[in-house]
Amino acid sequence: MAKKKKVVIVDEELTPTVLAVKKQKKGSVIWLLFIFAIFIAVVIYLPDIAVYVEDYLNPDLATPITPNTPDDDTDDENPDDVVEEVEEYQLVDGLQIELDNFNLSNFVIANNQISFTVTNTGTEIINFSDLDYFINLYNSNKMLLQRIMITDEIVTIGGSINLVYDLTDINVNTIAVLEIPQDEYPSHVVATDGNGNATLTCTKGNETVSYHLSNNQVTTIEDVYSVPSTDDNYSTLYSSYQALAATYNAIGGIDSAVTVENNILYFRTNINLSTVSAGSFNSVIYYPINTDAKIMNFELEANGYTCN
């Protein structure tokens, strides 16, 4: 519109504007300049006019202009991502942890061990072998000292059992009870050779368990106990291992033997998971064929083994 203000039409003679000389065409000149000014204005403001017309013709499609403020309410973006807080209990005299169908009580730490009582408060028998319950032990700085898995324990309706576990650190201050399904176990990939084979080795006391893996899944298990002849329980263990070996050898897919080499008693059991019958061998170290290494690593470490 600025150019329109520069055009001044006067009726005086000798006007500097050449258009004023032809008085008989004054009206035509004015319209021409007016149209020219409108044309320039349209060119300048064409983008704004287009937006206005579009919003006028299609009000439902118009985009409201709102202040560019940060969105602090991020919880609504992922309503399914709910973080469950772990309920922790300070280890004090008289502590009782009540869960849906059982409770834990009578906690005692002594002789590098923790003991407690599990009481069935539900209406069904509890078989912890079918469950995934873990007890986390923390120190006063909330550092995880140890994880214990309750397994291979059966509690009748209204019944109680007393459990005892060895401790790696006696400075336990806080306890948490968690149900952790296998699909939430942390990943654990064992280094392989050129053929994709590997071995996960777990040790506890005089026992060494070797899980032979293919593509990070177990195919065979080798369980070895080694006891020096100087051990106070040597004779008792020798008899016990011989009895167990006879029992294991009666199961298809299992080969077990007791030998003495260089004054060391060895009790070796080899399990071929491709031929052993499911459920025929019940032990904390037994896993079905193709079980992923993360499951064995996580659960055995929660049963007091050290795995690598």
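Reading guide: rules and limits
Every chain begins its residue count from 1, and numbering advances along the sequence as written. It should be noted that, the model being predicted, local features are given only for residues of pLDDT at least 70 and side-chain atom pairs only at 80 or more, the latter also being counted only at that level, while totals for whole chains, interfaces and linings use all residues. Heavy atoms from the whole structure form the basis of all side-chain values; hydrogens and water molecules are not counted. Secondary structure elements are taken from DSSP: a helix is a run of H or I of four residues or more, a strand is a run of E of two residues or more, and numbering for both begins at the N terminus. Categorising residues by exposure relies on relative accessible area from a 1.4 Å probe, with only protein chains included: less than 20% of the type maximum marks a residue as buried, more than 50% marks it as exposed, and the intermediate range marks it as partly exposed. Note that accessible areas follow from Shrake-Rupley with a 1.4 Å probe, and for residues the cover is restricted to the protein chains shown. At least two bridges found by DSSP between two strands is the condition for calling them paired. Contacts were defined at the residue level, with two residues in contact if any of their heavy atoms lie within 4.5 Å. Whenever two N or O atoms come within 3.5 Å, that pair is a polar contact, provided that in protein one can donate a hydrogen and the other can accept it, and provided that, for residues adjacent in sequence, both atoms are side-chain atoms. Patch membership is restricted to residues that have no salt bridge and whose relative accessible area is over 30%. Joining uses 9 Å for like charges and 5 Å for the nonpolar side chains Val, Leu, Ile, Met, Phe, Trp and Tyr. Here, a salt bridge means any side-chain nitrogen of Lys or Arg that lies within 4 Å of a carboxyl oxygen of Asp or Glu. Throughout, an axis means a line fitted to C-alpha atoms (over the contacting stretch in the case of helices), and angles, computed between N-to-C directions, take values from 0 to 180 degrees. Any two cysteine sulfur atoms within 2.5 Å of one another count as a disulfide.

### Section: the overall build of the protein chain
- Assigned secondary structure in the protein chain consists of four helices and 16 strands.
- Within the protein chain, the proportion of its 308 residues that are buried is 32%.
- For the protein chain, the exposed area adds up to about 20200 Å²; of that, 51% sits on carbon and sulfur atoms.

### Here's the deal with the sheet that holds strand 4 (residues 113–120)
- On the basis of which strands lie adjacent, the open sheet formed by four strands has the order 2-3-4-9 and antiparallel pairing. Edge positions in the sheet fall to strand 2 (97–98) and strand 9 (160–166), since each has one partner strand and no second.
- The sheet contact formed by strand 4 and strand 9 spans seven bridges and is antiparallel. Residue Val 118 lies in a different strand from strand 9, and its bridge partner there is Ile 161.

### Brief notes about the side chain of Asn 297
- The residue Asn 297 is located in helix 4 (residues 293–301) in this model.
- Asn 297 gets classed as buried once you look at its relative accessible area, which sits at 10%.

### Description of the environment of Gln 146
- Locating Gln 146 in the fold gives a position in strand 7 (residues 144–149).
- Aside from chain neighbours lying at most four places away, what touches Gln 146 is Ile 135, Asn 136, Leu 137, Asp 166, Leu 167, Thr 168 and Asp 169.
- Separated by 2.9 Å, the side chain of Gln 146 and the backbone nitrogen of Thr 168 make a polar contact.

### Quick look at a nonpolar patch on the surface
- Side chains of Ile 125, Ile 154 and Ile 157 sit close together on the surface and give an oily, nonpolar patch of about 310 Å² of accessible area.
- In this fold, Ile 157 is placed in the loop between strand 8 (154–155) and strand 9.

### Considering the sheet that holds strand 6 (residues 133–138)
- The four strands are arranged 1-10-6-7 in an open sheet whose pairing can be described as antiparallel. The open sheet terminates on both sides in strands that have one partner only, identified here as strand 1 (88–90) and strand 7. Strand after strand, the sheet turns through a mean of 25° between neighbouring axes, direction not considered.
- Taken together, the six bridges between strand 6 and strand 10 (residues 174–179) define a ladder with antiparallel strand orientation. Note that in strand 10 the partner of Phe 134 across the bridge is Leu 178.

### Describing the pattern of salt bridges
- Under the counting rule described, the total for this entry stands at two salt bridges.
- Lys 142 is paired through a salt bridge with Glu 88; the nearest N and O atoms lie 3.1 Å apart. With Lys 142 in the loop between strand 6 and strand 7 and Glu 88 in strand 1, this pair connects stretches of sequence that are 54 residues apart.
- A salt bridge links Glu 261 to Arg 268; the shortest N-O distance between them is 3.2 Å.

### Quick word on the pairing of strand 6
- Within strand 6, six of the six residues are buried, which leaves the element mostly enclosed by the surrounding structure.
- Two strands pair when backbone bridges link them, and strand 6 and strand 7 are joined in this way by five bridges, in the antiparallel orientation. Bridging from a neighbouring strand, Ile 135 pairs with Ile 148 of strand 7.
- Where strand 6 folds back on strand 7, the antiparallel hairpin that results is connected by five residues, among which Lys 142 adopts a positive phi of roughly 65°.

### Thoughts on the state of the cysteines
- For the coordinates displayed, the defined rule picks out one disulfide.
- At a sulfur-sulfur separation of 2.1 Å, the disulfide partner of Cys 202 is Cys 307. Looking down the S-S bond of the Cys 202 and Cys 307 bridge, the torsion is 115°, so its handedness is right-handed. Of this pair, Cys 202 sits in strand 11 (residues 197–204) while Cys 307 is found in strand 16 (residues 306–307), placing the two residues 105 residues apart along the sequence.
- Classification of Cys 202 by relative accessible area gives buried; the value is 0%.

### A closer look at the environment of Ser 239
- By the secondary structure assignment, Ser 239 is in helix 3 (residues 234–249).
- When the C-alpha positions of Ser 239 and Val 258 are compared, they lie 9.6 Å apart, and in sequence the two are 19 residues distant.

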